[in-house]
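# Results of the structural survey
Residues per chain are reported as follows:
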Amino acid sequence: STGKVSHILITSGNGNLLASKFKEADWAKSQLRLLNVPDSLILIEDQSRNTLENAAFSKKVLAQGHLQPPYLLITSAFHMRRALGIFNREKIPVVPYPCNYIAGNSRITIFDFIPDPGVFNGWAMYIKEVVGSVVNRFR
(Lines give C-alpha, C1' and ligand atoms only; values in the text may rest on other atoms or scores of the structure.)
Protein backbone atom coordinates (compact mmCIF):
# COMPACT_ATOMS: atom_id res chain seq x y z
CA SER A 1 0.00 0.00 0.00
CA THR A 2 1.27 3.45 -0.90
CA GLY A 3 -0.73 5.23 1.79
CA LYS A 4 -2.62 7.11 -0.90
CA VAL A 5 -6.14 6.65 -2.18
CA SER A 6 -6.57 5.37 -5.72
CA HIS A 7 -10.16 6.55 -6.19
CA ILE A 8 -12.71 8.75 -4.49
CA LEU A 9 -16.26 7.46 -4.15
CA ILE A 10 -18.77 10.14 -3.33
CA THR A 11 -22.04 8.70 -2.12
CA SER A 12 -25.00 10.99 -1.64
CA GLY A 13 -28.07 11.83 -3.61
CA ASN A 14 -30.68 14.12 -2.13
CA GLY A 15 -31.86 13.25 1.36
CA ASN A 16 -34.35 16.08 1.73
CA LEU A 17 -37.96 15.17 2.45
CA LEU A 18 -38.96 17.34 -0.48
CA ALA A 19 -36.34 16.22 -2.95
CA SER A 20 -35.02 18.64 -5.50
CA LYS A 21 -32.79 18.10 -8.50
CA PHE A 22 -29.72 19.02 -6.42
CA LYS A 23 -27.49 16.00 -5.74
CA GLU A 24 -24.74 16.34 -3.17
CA ALA A 25 -22.45 13.87 -4.96
CA ASP A 26 -22.64 15.83 -8.20
CA TRP A 27 -21.75 19.04 -6.37
CA ALA A 28 -18.82 17.34 -4.60
CA LYS A 29 -17.55 16.02 -7.94
CA SER A 30 -17.63 19.54 -9.38
CA GLN A 31 -15.51 20.71 -6.43
CA LEU A 32 -12.98 17.91 -6.99
CA ARG A 33 -12.76 18.93 -10.65
CA LEU A 34 -11.89 22.47 -9.55
CA LEU A 35 -9.00 20.89 -7.61
CA ASN A 36 -7.87 19.15 -10.83
CA VAL A 37 -8.76 15.64 -9.65
CA PRO A 38 -9.15 13.57 -12.85
CA ASP A 39 -12.64 12.26 -13.60
CA SER A 40 -11.17 8.77 -13.94
CA LEU A 41 -10.45 8.76 -10.19
CA ILE A 42 -13.91 9.94 -9.10
CA LEU A 43 -16.71 7.46 -8.60
CA ILE A 44 -20.25 8.74 -8.01
CA GLU A 45 -23.27 7.19 -6.34
CA ASP A 46 -25.99 9.83 -6.49
CA GLN A 47 -29.19 7.89 -5.85
CA SER A 48 -28.99 7.31 -2.08
CA ARG A 49 -31.25 9.24 0.25
CA ASN A 50 -29.86 8.11 3.61
CA THR A 51 -26.92 6.32 5.22
CA LEU A 52 -28.45 2.85 4.74
CA GLU A 53 -28.68 3.46 1.00
CA ASN A 54 -25.20 5.09 0.99
CA ALA A 55 -23.72 1.81 2.22
CA ALA A 56 -25.80 -0.54 0.06
CA PHE A 57 -25.29 1.46 -3.14
CA SER A 58 -21.60 2.08 -2.39
CA LYS A 59 -21.05 -1.65 -2.04
CA LYS A 60 -22.33 -2.15 -5.59
CA VAL A 61 -20.18 0.66 -7.03
CA LEU A 62 -17.06 -0.67 -5.30
CA ALA A 63 -17.73 -4.19 -6.60
CA GLN A 64 -18.34 -2.94 -10.15
CA GLY A 65 -15.07 -0.98 -10.05
CA HIS A 66 -13.19 -4.01 -8.70
CA LEU A 67 -11.67 -1.79 -6.02
CA GLN A 68 -10.01 -3.62 -3.17
CA PRO A 69 -10.43 -2.78 0.53
CA PRO A 70 -9.81 -1.31 2.94
CA TYR A 71 -11.87 1.78 2.18
CA LEU A 72 -11.67 5.09 3.99
CA LEU A 73 -15.05 6.18 5.38
CA ILE A 74 -15.14 9.95 5.74
CA THR A 75 -18.09 11.57 7.47
CA SER A 76 -18.75 13.98 10.31
CA ALA A 77 -17.51 12.89 13.71
CA PHE A 78 -21.04 13.26 15.03
CA HIS A 79 -22.37 10.79 12.42
CA MET A 80 -19.41 8.38 12.32
CA ARG A 81 -20.62 5.86 14.92
CA ARG A 82 -23.89 5.23 13.11
CA ALA A 83 -22.31 5.26 9.64
CA LEU A 84 -19.59 2.85 10.72
CA GLY A 85 -22.19 0.43 12.10
CA ILE A 86 -24.16 0.54 8.86
CA PHE A 87 -21.11 0.02 6.63
CA ASN A 88 -19.93 -2.83 8.87
CA ARG A 89 -23.35 -4.50 8.64
CA GLU A 90 -23.06 -4.33 4.84
CA LYS A 91 -19.68 -6.05 5.28
CA ILE A 92 -17.79 -3.18 3.72
CA PRO A 93 -14.32 -3.06 5.36
CA VAL A 94 -13.85 0.61 6.16
CA VAL A 95 -11.37 2.63 8.17
CA PRO A 96 -13.16 5.51 9.92
CA TYR A 97 -11.89 9.02 9.24
CA PRO A 98 -14.12 11.44 11.13
CA CYS A 99 -14.16 15.14 10.30
CA ASN A 100 -16.24 18.22 11.04
CA TYR A 101 -15.95 17.94 14.79
CA ILE A 102 -18.41 19.96 16.83
CA ALA A 103 -16.80 21.81 19.70
CA GLY A 104 -18.37 24.22 22.09
CA ASN A 105 -17.21 27.09 24.20
CA SER A 106 -16.77 25.90 27.78
CA ARG A 107 -17.24 29.37 29.28
CA ILE A 108 -20.78 30.06 30.47
CA THR A 109 -22.12 33.57 29.96
CA ILE A 110 -25.48 35.22 30.49
CA PHE A 111 -26.19 34.65 26.79
CA ASP A 112 -26.29 30.88 27.42
CA PHE A 113 -29.58 31.43 29.26
CA ILE A 114 -31.29 33.44 26.52
CA PRO A 115 -33.40 31.33 24.13
CA ASP A 116 -31.64 30.82 20.84
CA PRO A 117 -33.40 29.43 17.74
CA GLY A 118 -30.09 27.97 16.57
CA VAL A 119 -30.30 25.47 19.43
CA PHE A 120 -33.21 23.76 17.67
CA ASN A 121 -30.95 22.99 14.70
CA GLY A 122 -28.50 21.21 17.01
CA TRP A 123 -31.33 19.24 18.62
CA ALA A 124 -32.70 18.25 15.21
CA MET A 125 -29.29 16.86 14.23
CA TYR A 126 -28.97 15.01 17.54
CA ILE A 127 -32.49 13.54 17.38
CA LYS A 128 -31.90 12.36 13.79
CA GLU A 129 -28.78 10.47 14.91
CA VAL A 130 -30.52 8.96 17.94
CA VAL A 131 -33.54 7.82 15.93
CA GLY A 132 -31.26 6.48 13.18
CA SER A 133 -29.19 4.57 15.71
CA VAL A 134 -32.28 3.03 17.33
CA VAL A 135 -33.70 2.00 13.95
CA ASN A 136 -30.35 0.49 12.90
CA ARG A 137 -30.12 -1.48 16.13
CA PHE A 138 -33.45 -3.18 15.40
CA ARG A 139 -32.68 -3.94 11.73
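Scroll up for the structure.
In what follows, the accompanying structure is described. Just so we're clear, the structure is a prediction, and the values are computed from it rather than from any experiment.

### Let's talk about the pattern of salt bridges
A full pass over the atoms with the stated rule returns three salt bridges. Between D39 and R33 there is a salt bridge; the shortest N-O distance is 2.8 Å. Judged by relative accessible area, which is 44%, R33 ranks as partly exposed. For E53, the salt bridge is made with R49, and the minimal N-O distance between the two is 2.4 Å. For R49, a relative accessible area of 56% translates into the label exposed.

### Points about the packing of helix α2 (residues 51–64) against helix α3 (residues 77–89)
When two helices pack together, their arrangement is given by the angle between the helix axes and the distance between those axes. Interhelical geometry of α2 versus α3 gives an angle of 40 degrees and a closest axis separation of 9 Å. For the element pair α2 / α3, the angle class is oblique. At the point where α2 passes α3, the crossing takes the right-handed sense. Taking contact as the criterion, the partners of T51, L52, N54, A55 and S58 in α2 are, on α3, H79, R82, A83, I86 and F87.

### Describing helix α1 (residues 24–34)
Looking only at α1, the buried set comprises A25, K29 and L32. For α1, the angular spread of buried residues about the axis comes to 60 degrees, placing them on one side. Structurally, α1 contributes buried residues whose contacts are with β1 (8–11) and β2 (42–45). Where α1 ends, the next residue or the one after it, N36, has phi of about 65 degrees, a positive value.

### Describing the layout of surface pockets
By volume, the second largest pocket is sized at about 240 Å³. Forming the boundary of the second largest pocket are F78, R81, R82, G85, I86, R89, E129, S133, N136 and R137. Counting only elements with at least two residues in the lining of the second largest pocket, the list comes to α3 and α4 (118–138). When residues of the lining of the second largest pocket are assigned to their parent elements, the largest contribution, six residues, is made by α3. Residues that form the lining of the second largest pocket fall into these classes: two nonpolar, three polar and five charged.

### Some remarks on the environment of L9
As for its position among the elements, L9 is in strand β1. Separated by 53 residues in the primary sequence, L9 and L62 have C-alpha atoms spaced 8.3 Å apart. With near-sequence residues (within four places) excluded, L9 lies in contact with L43, I44, E45, S58, V61 and L62.

### Considering α3
Counted at 1.5 Å a residue, the expected span for α3 with its 13 residues is 18 Å, and the 19 Å between its end C-alpha atoms agrees. In α3, a bend of some 30 degrees at A83 exceeds every other bend along the element. If you check which residues of α3 are buried, you get H79, M80, R82, A83, I86 and F87.

Analysis parameters
- Residues numbered from 1 in each chain as written.
- Predicted model: local features only at pLDDT ≥ 70, side-chain atom pairs only at ≥ 80, totals over all residues.
- Heavy atoms only, no water.
- Salt bridge = Lys/Arg side-chain N within 4 Å of Asp/Glu carboxyl O.
- Buried < 20%, exposed > 50% of the residue type's maximum accessible area, 1.4 Å probe, protein only.
- Axes fitted to C-alpha atoms, helices over the stretch in contact; angles between N-to-C directions.
- Helix = DSSP H or I, 4+ residues; strand = E, 2+ residues; numbered from the N terminus.
- Parallel < 35°, antiparallel > 145°, perpendicular 65-115°, else oblique.
- Left-handed = near helix turned anticlockwise from the far one by under 90°.
- Contact = heavy atoms within 4.5 Å.
- Arc of directions from axis to C-beta.
- 1 Å grid on protein atoms, 1.4 Å probe; cavity = no way out; pocket = protein on both sides within 12 Å on 5 of 7 lines; lining within 4 Å.
- Points joined across faces, edges and corners; volume = space filled by probe spheres on them.
- Nonpolar A, V, L, I, M, F, W, Y, C, P; charged D, E, K, R; others polar.
- Expected span 1.5 Å × (residues − 1).
- Bend = angle between axes of the 7 residues up to and from the residue.

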